[in-house]
Amino acid sequence: MIENLFEYDSVMLEEGGNALKILDQTRLPSLESFITLKSESDFIDAVVKLKVRGAPAIGICAAYGIGIILKNLNLKSIPLVIEEFKRIKNSLSQTRPTAVNLTNALDRIERRFNEVLEIPDISIEGIYRELLTEADAIKKEDILSNLSIAKNGLTLLKPGYKILTHCNAGHLAVSRYGTALAPVYLAKSLGWDIEVFACETRPLLQGARLTAFELTKSKIYVTLLCDNMVSSLMSAGEINAVITGCDRIALNGDTANKIGTSAIAIMAKYYKVPFYIAGPSTTIDKNSVTGDNFVIEQRSPDEVTDLWYSERMAPVGVKVYNPAFDITKAELISAIITEKGIFKFPFDFQGK
Ligand code: MRU
């Protein structure tokens, strides 16, 4: 058991650049187990099965992935590297369709790849080195961005606040520190008493398994509740603010996040609790004016019927509805906290 949460990142490049070391989040909270990803199938399996998860973390993982996968293929010519680059980029970008950070990170790596190909006499090893350096830059920028989100988010909070969050938008979901949880960690480091209520987040239990884990490990007072207990908690006047993460933000502020987020936003409006979204500007989808056409990932029925039970909890053959995300309408969001500042409705991200 590692004592301090910040002693590791959920995504780390191995010495020599031949593998990516990730914390296998499917084993938490009972086991802090690290695995290494080297091949295309390792990366696809890790992202699809949520061994690594959270929009920024999967973007960073895929960014490193291209360089590492290519390196381990031992290709002998630049035309072959170009062909394989395109194929791998395409297959990684399809692993999880909703988080725009994944596409944004892969597009950025592709832009760097095209620039590097223009360098006279660049070697195949040189290309891989440049790709991994670009992935390092994406991770470093994400860390800085989370520190700014922490500072910006803190201006919306006060000592003694009780904050509700959904899913996991903490250290485990990003490069370091988190988005929704970053202001909470900053508040704690300043000695504020701050309390978090974590929704368990059916069906994959990111709130129970991951948010409760990382906050407990960081000695932040956390209370776990089932997703259907939010109204009861808010009506009792127990929540001062909601902060969640995000997977894709449209230009008008419509936001895709973990399934259940929009219901919390509707309840927050009813109970007059401020509802905040926190995320890096890399989560803004500059090609979507609204969230109406966001692709929502649909996941396997067994996550609802079987996964966490010792015996199946629904009749065999029952039809299951299992979207991984929903869209919260912009007008329900009190503010969106990014590294560039705090945006309020009506949102204007032009030039951001
Ligand atoms: O399916 P997941 O666990 O990847 O979903 C994660 C979320 O919905 C997070 O809130 C979001 O990605 C932001 S992580 C900083």
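Scroll up for the structure.
This one's a predicted model, so the numbers in the text were calculated from it and none came from an experiment.

Criteria and cut-off values
- Residues numbered from 1 in each chain as written.
- Predicted model: local features only at pLDDT ≥ 70, side-chain atom pairs only at ≥ 80, totals over all residues.
- Heavy atoms only, no water.
- Helix = DSSP H or I, 4+ residues; strand = E, 2+ residues; numbered from the N terminus.
- Rg over C-alpha atoms; globule rule 2.2 N^0.38 Å.
- Buried < 20%, exposed > 50% of the residue type's maximum accessible area, 1.4 Å probe, protein only.
- Areas by Shrake-Rupley, 256 points an atom, 1.4 Å probe, with all protein chains shown as cover.
- Lys, Arg positive; Asp, Glu negative; His and termini not counted.
- Charge placed at Lys NZ, Arg CZ, Asp CG, Glu CD.
- Near = heavy atom within 4 Å.
- Polar contact = N/O pair within 3.5 Å; in protein donor to acceptor, adjacent residues only side chain to side chain.
- Nonpolar A, V, L, I, M, F, W, Y, C, P; charged D, E, K, R; others polar.
- Pairing = 2+ DSSP bridges.
- Axes fitted to C-alpha atoms, helices over the stretch in contact; angles between N-to-C directions.
- Contact = heavy atoms within 4.5 Å.
- Phe/Tyr/Trp six-rings, centres within 6.5 Å; stacked < 30°, edge-to-face > 60°.
- Lys NZ or Arg CZ within 6 Å of the ring centre and 35° of its normal.
- Right-handed = clockwise from strand over helix to strand, strands pointing away.
- Core = buried A, V, L, I, M, F, W, Y, C linked by side-chain atoms within 4.5 Å.

### So, the overall build of the protein
Turning to step 1, where the next piece is worked out: Summing up its helical and strand segments, the protein has 10 helices and 13 strands in all.
Turning to step 2, where the next piece is worked out: In terms of C-alpha radius of gyration, the protein reaches 20 Å, essentially the compact-globule figure of 20 Å for 352 residues.
Turning to step 3, where the next piece is worked out: The C-alpha extent of the protein, read off along each of the three principal axes, is 65 × 50 × 45 Å.
Turning to step 4, where the next piece is worked out: Residues counted as buried form 55% of the 352 residues belonging to the protein.
Turning to step 5, where the next piece is worked out: Total accessible area on the protein is roughly 15300 Å²; 53% of this is exposed by carbon and sulfur atoms.
Turning to step 6, where the next piece is worked out: Between the mean site of the 39 positive side-chain charges and the mean site of the 42 negative ones, the protein shows a separation of 2 Å.

### Observations concerning the site of the ligand
Turning to step 1, where the next piece is worked out: For the ligand, the set of nearby residues contains 19 residues, the closest of which are Arg 53, Ala 55, Arg 96, Asn 257 and Lys 258.
Turning to step 2, where the next piece is worked out: The separation between an oxygen atom of the ligand and a polar main-chain atom of Ala 55 is 2.9 Å.
Turning to step 3, where the next piece is worked out: One of the side-chain N or O atoms of Asp 247 is found 3.0 Å from an oxygen atom in the ligand.
Turning to step 4, where the next piece is worked out: Taken by itself the ligand offers 410 Å² of open surface, and the protein chains cover 99% of this.
Turning to step 5, where the next piece is worked out: Across the shell around the ligand, the residue classes tally to 9 nonpolar, 6 polar and 4 charged.

### Regarding the sheet that holds strand E5 (residues 195–199)
Turning to step 1, where the next piece is worked out: An order of E6-E5-E4-E7-E10-E12-E13 is seen for the 7 strands of this open sheet, with the pairing classed as mixed. The sheet is open, and its two edges are formed by strand E6 (221–225) and strand E13 (341–344), each paired on a single side. In this sheet, adjacent strand axes meet at a mean angle of 25 degrees when their direction is disregarded.
Turning to step 2, where the next piece is worked out: Bridge analysis of strand E4 (residues 162–165) against E5 gives 4 bridges, and the strand direction is parallel. The partner of Lys 162 across the bridge, within E5, is Glu 195.
Turning to step 3, where the next piece is worked out: Of the strands in this sheet, strand E10 (275–278), strand E12 (335–338) and E13 are in contact with helix H5 (residues 124–154), which crosses E12 at around 145 degrees.
Turning to step 4, where the next piece is worked out: Contacts from helix H9 (residues 261–271) reach E4, E5, strand E7 (241–244) and E10, with the element oriented near 145 degrees to E10.

### What about the packing of aromatic side chains?
Turning to step 1, where the next piece is worked out: Evaluated as defined, the whole model comprises 8 aromatic pairs.
Turning to step 2, where the next piece is worked out: Here Tyr 270 and Tyr 271 contribute two aromatic rings whose centre-to-centre distance is 5.0 Å and whose plane-to-plane angle is 90 degrees, an arrangement assigned as edge-to-face.
Turning to step 3, where the next piece is worked out: Given a relative accessible area of 64%, Tyr 270 falls into the exposed group.
Turning to step 4, where the next piece is worked out: A relative accessible area of 27% places Tyr 271 in the partly exposed class.
Turning to step 5, where the next piece is worked out: By the ring-pair criterion, three or more aromatic residues cluster together here, those being Phe 343, Phe 345, Phe 347 and Phe 349.
Turning to step 6, where the next piece is worked out: Taking the ring centre of Phe 294 as reference, the NZ or CZ of Arg 248 above it sits at 5.7 Å.
Turning to step 7, where the next piece is worked out: Above the ring of Phe 325, the side-chain terminus of Lys 258 is found at 4.3 Å from the ring centroid.

### Description of the pairing of E6
Turning to step 1, where the next piece is worked out: As judged from the 5 bridges shared by E5 and E6, these two strands associate in the parallel manner. Of the residues in E6, the one forming a bridge with Glu 195 is Tyr 221.
Turning to step 2, where the next piece is worked out: Each parallel crossover has a hand, and the one from E5 via helix H7 (residues 206–217) to E6 is right-handed.

### So, the nonpolar core
Turning to step 1, where the next piece is worked out: If you look at the biggest cluster of nonpolar residues, it comprises 40 residues, and the most contacted ones within it are Val 11, Leu 20, Ile 66 and Leu 70.
Turning to step 2, where the next piece is worked out: Broken down by secondary-structure element, the contributors of at least two residues to this core are strand E2 (20–23), helix H1 (40–48), helix H2 (55–73), helix H3 (78–93), helix H4 (100–117) and H5.
Turning to step 3, where the next piece is worked out: Examining the composition of this core, we find that 12 residues originate from one element, H2, more than from any other.
Turning to step 4, where the next piece is worked out: If near-sequence neighbours (up to four positions away) are discounted, Leu 70 is found in contact with Leu 75, Val 81, Glu 84, Phe 85, Ile 88, Tyr 128 and Leu 131.
Turning to step 5, where the next piece is worked out: Counting 30 residues, the second-largest nonpolar core is a separate cluster that includes Leu 23, Leu 210, Phe 213 and Ile 337.

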